[in-house]
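Each chain, written out:
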Amino acid sequence: MRIGIGYDVHRLVEGRKLVLGGVTIPFEKGLLGHSDADVLIHAVCDALLGAAGLGDIGLHFPDTDPKLKDISSMIILSKTYKILKEKGFTIINLDSTIMAEAPKISPFKEKMIENIAQTIEIHSNCVNVKATTFEGIGLIGKGQGIGAMCVALID
């Protein structure tokens, strides 16, 4: 068994959709990035790649690749899963945390879990998504960005 950790953070800006866990969330701002900037999925991918000893999301999906401009991070997760599968790895479980002052994440967590579980072909009870705030501290706490962290266990 192997464990990996992933982390991502992006700045909130006007004029972009907010996508977390493959779910478009109604909000006045979205995350700035080369892809759809889904910090939760990026953290999941980094955790999986790290657990497998296969580098990180930037190595496999660089933000300099024009083909990846505005791509859904769910596609990146699907490709990450394929990389692990080809190397003979099985995903055991994921535990993740979204860090945001707003919007409230609770109404969207089940759909995020479903999206992730279906994409990486594991039972939804093997995927956990939590949310927390930064109590007004720093970039996230001031509502200027959203971050996510994930721990993955693979075999």
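Residues numbered from 1 in each chain as written. Predicted model: local features only at pLDDT ≥ 70, side-chain atom pairs only at ≥ 80, totals over all residues. Heavy atoms only, no water.

1. Let's talk about the overall build of the protein chain
Okay, so step 1: Check the secondary structure of the protein chain and you find five helices and seven strands.
Okay, so step 2: For the protein chain, the residues scored as buried account for 46% of the 155 residues in total.
Okay, so step 3: For the protein chain, the proportion of contacts with a sequence separation of at least 24, taken over those separated by at least 6, is 72%.
Okay, so step 4: Here the protein chain displays about 7,700 Å² of accessible surface, and carbon together with sulfur accounts for 54% of that area. (Helix = DSSP H or I, 4+ residues; strand = E, 2+ residues; numbered from the N terminus. Buried < 20%, exposed > 50% of the residue type's maximum accessible area, 1.4 Å probe, protein only. Contact = heavy atoms within 4.5 Å. Areas by Shrake-Rupley, 256 points an atom, 1.4 Å probe, with all protein chains shown as cover.)

2. Topic: the packing of helix H3 (residues 73–86) against helix H4 (residues 109–119)
Angle between the axes and distance between the axes are the two parameters that describe a pair of packed helices.
Okay, so step 1: One can describe the packing of H3 onto H4 by two numbers: an axis separation of 9 Å at closest approach and a directional angle of 35°. From H3, Met74, Leu77, Ser78 and Tyr81 reach across to H4, where they touch Asn115, Ile116 and Thr119.
Okay, so step 2: When grouped by side-chain class, the residues that make up the contact of H3 with H4 number four nonpolar, three polar and no charged. (Axes fitted to C-alpha atoms, helices over the stretch in contact; angles between N-to-C directions. Nonpolar A, V, L, I, M, F, W, Y, C, P; charged D, E, K, R; others polar.)

3. Considerations on the packing of helix H1 (residues 39–51) against H3
Okay, so step 1: Running from amino to carboxyl end, H1 crosses H3 at an angle of 10°, the nearest separation of the two axes being 9 Å. Compared by their axis directions, H1 and H3 come out roughly parallel. Touching Ile41, His42, Val44, Cys45, Leu48 and Leu49 of H1 are Ser73, Met74, Ile76, Leu77, Thr80 and Leu84, all from H3.
Okay, so step 2: Grouping the constituent residues of the contact of H1 with H3 by class yields nine nonpolar, three polar and no charged. (Parallel < 35°, antiparallel > 145°, perpendicular 65-115°, else oblique.)

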